[in-house]
Amino acid sequence: MSAQRGIAILGSTGSIGRSTLAVIALHPEAFKVTMLGAHSSWQTIVEQALAFQVETVVLIDEQAAAQARAALAAAGAKTRVESGAQALADAVTGAEVHMVMAAIVGAAGLLPTLAAVRAGKRVLLANKEALVMTGRLLMEEVRRAGAQLIPIDSEHNAIFQCMPAGYLPGDVPAGVTRVLLTASGGPFRTTDVAKLPHVTPDEACAHPKWKMGRKISVDSATLMNKGLEVIEATLLFDLPETKVDVVVHPQSVIHSLVEYADGSMLAQLGAPDMRTPIAQALAWPERITSGVQSLDLIAIGQLGFEPPDYIRFPCLALARAAARTGGTSPTVLNAANEVAVQAFLDGRLNFVGISTVIDKVLQRADSSPVKALGDVLDADAAARRLAVSLIELSSGAFA
Ligand code: NAD
Ligand code: MG
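Residues numbered from 1 in each chain as written. Chains lettered and ligands numbered in written order. Predicted model: local features only at pLDDT ≥ 70, side-chain atom pairs only at ≥ 80, totals over all residues. Heavy atoms only, no water.

Asks: Please explain the pattern of salt bridges as it appears in this structure.
Replies: Any two side chains of opposite charge can pair, given that their charged atoms come close. Enumeration according to the criterion identifies 21 salt bridges in this entry. Note that Asp245 and Arg178 form a salt bridge whose closest N and O atoms lie 2.5 Å from each other. Within this pair, whereas Asp245 is found in strand β9 (residues 244-248), its partner Arg178 is found in strand β8 (residues 176-183), the two being separated by 67 residues in sequence. One salt bridge connects Arg214 with Asp202, and the closest N-O pair in it is separated by 3.2 Å. Here Arg214, found in helix α10 (residues 214-222), pairs with Asp202, found in helix α9 (residues 201-205); they are 12 residues apart in sequence, far enough to count as distant. Look at Arg214 and you get partly exposed, because its relative accessible area is 42%. Within this structure, Lys128, Asp153, Glu155, Lys226 and Glu229 form a network of salt bridges that share partners. (Salt bridge = Lys/Arg side-chain N within 4 Å of Asp/Glu carboxyl O. Helix = DSSP H or I, 4+ residues; strand = E, 2+ residues; numbered from the N terminus. Buried < 20%, exposed > 50% of the residue type's maximum accessible area, 1.4 Å probe, protein only.)

Asks: Would you take a moment to explain the sheet that holds strand β10 (residues 254-260) for this structure?
Replies: In a beta sheet, neighbouring strands are held together by backbone hydrogen bonds and run either parallel or antiparallel to one another. In space, the 4 strands of this open sheet follow the order β9-β8-β10-β11, with mixed pairing throughout. Of all the strands in the sheet, just β9 and β11 (265-269) have a single pairing partner and so form its edges. Here the strands of the sheet are splayed against their neighbours by 20° on average, with no regard to which way each runs. As judged from the 5 bridges shared by β10 and β11, these two strands associate in the antiparallel manner. In the strand pairing of β11, Ile254 is matched with Leu269. (Pairing = 2+ DSSP bridges. Axes fitted to C-alpha atoms, helices over the stretch in contact; angles between N-to-C directions.)

This is how it looks when you write it as structure tokens:
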């Protein structure tokens, strides 16, 4: 590849952040890590900053930042360490940053991701919640700033790879009749429905095919992850919700498909390993190695497909309804889900209660149009308050 490109990594200590650094480590001549950002895991970020000789580190937590600063100084590193949400957003806008990996989990990733978009960067988007909650607003900002949004989510990255040459997210895809998102079905695809209220956070996080952070693992178990991905696909590929289908494909070998007007279906296949979409996005439109082993189709033998079970997994239907309603509904859906998933992980809500809480919050919060970022932030905050109070009121009933 040509000149070395600077990359800032938001959420560097997480699953996607670490996989991104693993790919970059294979190509030190092509990429320079200029900035690392995370919430509070200072030991990990100090190790990363030393290994990649990073100029700037930002931690949200002030005390963790102080510890990182001391540890880096003691190691003789020149790394600058800052703290707080504003510092995180500011650190992705400098001229030395060509690309930003947006891999913070949840709505917390919105402001730095938006800052990167507004600065016209190439944004590698893993943080689907930031897009789902802002909807068209984020896509409009991308267009206005001349930024590029490259999807990291394996399904959307697969679709991006199957789009016509020269296609960029936000464009209307010529000749495309629909896209098909594949879903593994998660750890509870065949679990007895009567057992679902009693499943534990560790069982929900034991995904059969992917190793991921705990929030997205729970989303995969409820199928809310696929619901968020349906909304994500409507926005990235400018398609109505009716043209985004979901197919359960337990082997997780086909990562998604695009159907064209002539009947052709293009699919992207690969081992279920996030280093492939990360490498594709880092190098696009070129190709680089990712460290992922090649796929042995003979060993896999069979590929299976099933319809999703909307009764067992109500979150998928809730997300589709929110996509159709539009306005602040996806914002409300995402916020209620984040609160409910955290309550489930903390043992304050049972697994089935997650969809119950989201459903109730959606029924009580009217959808309103999204004209400015303030509309999104207000709807997000109100939905969180509602979800928290519903969970508090129902403690005992759901836990
Ligand atoms: P993770 O929990 O492993 O990592 C989350 C990262 O975000 C950490 O670095 C953490 O420090 C940081 N973070 C958490 N809260 C923060 C806050 N308030 N402010 C700043 N930073 C904060 O999560 P992950 O699995 O790497 O997922 C990250 C994002 O990528 C999510 O949006 C997820 O949906 C998406 N994604 C992940 C995968 C996967 O395979 N892990 C696949 C597709 C999409
Ligand atoms: Mg995905």
